[in-house]
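Each chain, written out:
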Amino acid sequence: MAEELSETPKDVDEAVADAGEQPIKQRKNGLYPALSDELAENMTQGWADTELHDLQPIEQAAETAGRRAALSARFPGERLVVPAGNLKTRSNDTEYAFRSSVEYAYLTGDQTEDGVLVLEPTEAGHEATIYLLPRSNRENGEFWLDGQGELWVGRRHSLTEAEQLLGLPAKDVRELAGALAEATGPVRVVRGYDAGIEAALTDKVTAERDEELKVFLSEARLVKDAFEVRELQKAVDSTVRGFEDVVRVLDKAEATSERYIEGTFFLRARVEGNDIGYGSICAAGPHATTLHWVRNNGQVRSGDLLLLDAGVETHTLYTADVTRTLPINGTYSPLQRKIYDAVYEAQEAGIAAVRPGAKYRDFHEASQRVLATRLVEWGILEGPVDRVLELGLQRRFTLHGTGHMLGMDVHDCAVARTETYVQGTLEPGMCLTVEPGLYFQADDLTVPEEYRGIGVRIEDDILVTEDGNRNLSAALPRTSDEVERWMAELKG
């Protein structure tokens, strides 16, 4: 990684100060101790005009406008502030890859760091403005001297370009904190993303009012529009191809570790999408009994199972969330098949319960009843089944809930009110996972020894439709026979 220059001439720093901008941050131990006035002047000249013209609005521009209108209607007469967030330091002077706050991206379609959406109240509702960093200044040297200048991190859109793309007036975000500090009237802000913006509003907001804003934006995402459904399907389709990639290289994973599986899927996610939607769970053997095994540093052995829980995130930040439990050598053992088939049966019962008008909890309860029944039949739990379910005894082996909402977060709509989510009713356009599992820990002395260290989960992404549901991830085989045939075909 290249090092930034260490010093700027005094007149450049003065120009920055005169413009009301922050001084350009410099590296302490750079190799250039000084910058001549001649070089500074030279760098201001001879650059072509690269402004982009006649840009078309982003695909979801109509949807984001509608979402802002719904937000405006919910909070009339109040100033609403929704930040994208800032870069976060990974170590010293390197940052994590930036991912915009979901609330900001949902309302704007933009994903750039430091951006802020502000809805100013008017008599007719609100006037929305997006505040962004403009293009790097070439007069004061920022574009090549500052660590976030365009010659270091790449070109960003001008404010004019942003207006064309997003369908919003755009202003310089560096002016926003001061303006907000002087603003009057009721204000709400989405907290947790931009400390500078929150500091400017510290005497104008309350935690309770801000929580109401965040809850509204979370609940607004419960029902997906047509654009969101297309993006979720796109994410799932890429994820299916990522699973196929993994099956094709299982022999290489056996020669190395679970990390080969992780890297293989990540390649698909980065080539076809923005990233992985969450840390990939590439759990082989007894690691499959650890629900969120993301260390992915274990051995991959023939005869064991691989629990692969992974999802591609699209460029618009919608993620898939799919799990398959695969026999590493291509064939389930009789016991592995028995456990897998029980989980499949439970998932079938759960998916069948997903339909408009059903209670959100119905699919969970349907799946849990199947698993509890099998655990009693196998002699692992003492029946009757209703007693097991009433006391939750099956949870020793099922552990987690059977699903969750899915969207721009893998666990989407997480701060929605309980009465509209877990205690709510399913509607067309909702998208959720159905993912029952059975996990027999390697050190669990209450189960027969042959069960210990086996973990199975099957997870699909289910869209609630007008007349039932649609499995977005149906292209991936689910039954044990189908999985074995699919793996054999892919291995050739």
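Residues numbered from 1 in each chain as written. Predicted model: local features only at pLDDT ≥ 70, side-chain atom pairs only at ≥ 80, totals over all residues. Heavy atoms only, no water.

For the protein chain, an unreviewed UniProt entry supplies the name Xaa-Pro aminopeptidase and the organism Streptomyces albidoflavus. The record held by UniProt for the protein chain lists under Catalytic activity (unreviewed entry) the comment "Release of any N-terminal amino acid, including proline, that is linked to proline, even from a dipeptide or tripeptide." In UniProt, the protein chain has this text filed under Cofactor (unreviewed entry): "Mn(2+)". (UniProt positions renumbered as here; feature names shortened; annotations may be inferred.)

Asks: I tried to follow the nonpolar core on my own but got confused; where do I start?
Replies: Within the largest apolar cluster, 90 residues are counted, with the highest numbers of intra-cluster contacts made by Leu71, Ile261, Ile339, Trp378, Leu438 and Phe440. A per-element tally of this core places helix α11 (residues 226-248) first, with nine residues. Within the second largest apolar cluster, 17 residues are counted, among which are Leu222, Phe363, Leu426 and Met430. (Core = buried A, V, L, I, M, F, W, Y, C linked by side-chain atoms within 4.5 Å. Buried < 20%, exposed > 50% of the residue type's maximum accessible area, 1.4 Å probe, protein only. Helix = DSSP H or I, 4+ residues; strand = E, 2+ residues; numbered from the N terminus.)

Asks: Any chance you could explain helix α15 (residues 362-377) here in plain terms?
Replies: One turn of the α-helix equals 3.6 residues, which is why residues spaced by three or four share an orientation. Between its terminal C-alpha atoms α15 stretches 23 Å, which fits the 22 Å expected from 16 residues at 1.5 Å a residue. Buried residues of α15: Phe363, Ser367, Gln368, Val370, Leu371, Ala372, Arg374 and Leu375, and no others. Close packing links the buried residues of α15 with α14 (334-352), α16 (385-391), α17 (395-398), β13 (431-434) and β14 (437-440). Where α15 terminates, the next one or two residues include Gly379, which has phi positive at roughly 80°. (Expected span 1.5 Å × (residues − 1). Contact = heavy atoms within 4.5 Å.)

Asks: Just checking my understanding: could you explain the sheet that holds strand β12 (residues 322-327) for this structure?
Replies: Across a sheet, paired strands are connected by hydrogen bonds in the backbone, their directions being either parallel or antiparallel. The antiparallel open sheet is built from three strands, whose spatial order is β9-β10-β12. Across the chains shown, the open sheet's two edge strands, defined by having one partner strand only, are β9 (281-284) and β12. The mean inter-strand angle of the sheet, taken between neighbouring strand axes irrespective of direction, is 10°. Bridge analysis of strand β10 (residues 305-310) against β12 gives six bridges, and the strand direction is antiparallel. Its bridge partner being in β12, Leu307 is matched across the sheet by Thr325. (Pairing = 2+ DSSP bridges. Axes fitted to C-alpha atoms, helices over the stretch in contact; angles between N-to-C directions.)

Asks: I would appreciate a short explanation of the pattern of salt bridges in the present structure.
Replies: Per the stated rule, a full pass over the model turns up 32 salt bridges. Between Arg417 and Glu219 there is a salt bridge; the shortest N-O distance is 2.7 Å. Placement of the pair is Arg417 in the loop between α17 and β13 and Glu219 in helix α10 (residues 207-220), with a sequence separation of 198 residues. Of the charged contacts, one joins Arg457 and Asp309 as a salt bridge, the two residues approaching to 3.0 Å between their closest N and O atoms. In this pair, Arg457 sits in strand β15 (residues 454-457) while Asp309 sits in strand β10, placing the two residues 148 residues apart along the sequence. The pair formed by Arg457 and Asp309 is uniform in burial state, with each residue classed as buried. One salt-bridge network, held together by shared partners, links Arg241, Asp245, Arg248, Arg268 and Glu272. (Salt bridge = Lys/Arg side-chain N within 4 Å of Asp/Glu carboxyl O.)

Asks: Help me understand the pairing of β13, please; the structure alone is not making it clear to me.
Replies: Consecutive side chains of a regular strand alternate in pointing toward one face of the sheet and then the other. Alternating positions in β13 separate into two faces, Cys431 and Thr433 on one and Leu432 and Val434 on the other, with burial throughout. Looking at chain direction, β13 and strand β16 (residues 460-465) are connected through four bridges and run antiparallel. In the strand pairing of β16, Thr433 is matched with Asp461.

Asks: What exactly am I supposed to notice about the pairing of strand β5 (residues 125-132) here?
Replies: Taken across its eight residues, β5 has seven buried, putting it largely inside the fold. Linking strand β4 (residues 116-122) to β5, which pair antiparallel, is a turn of two residues. Sheet topology places β5 next to strand β6 (residues 170-172); three bridges connect them, and they run parallel. Following the sheet pairing, Ile130 is matched in β6 by Ala170.

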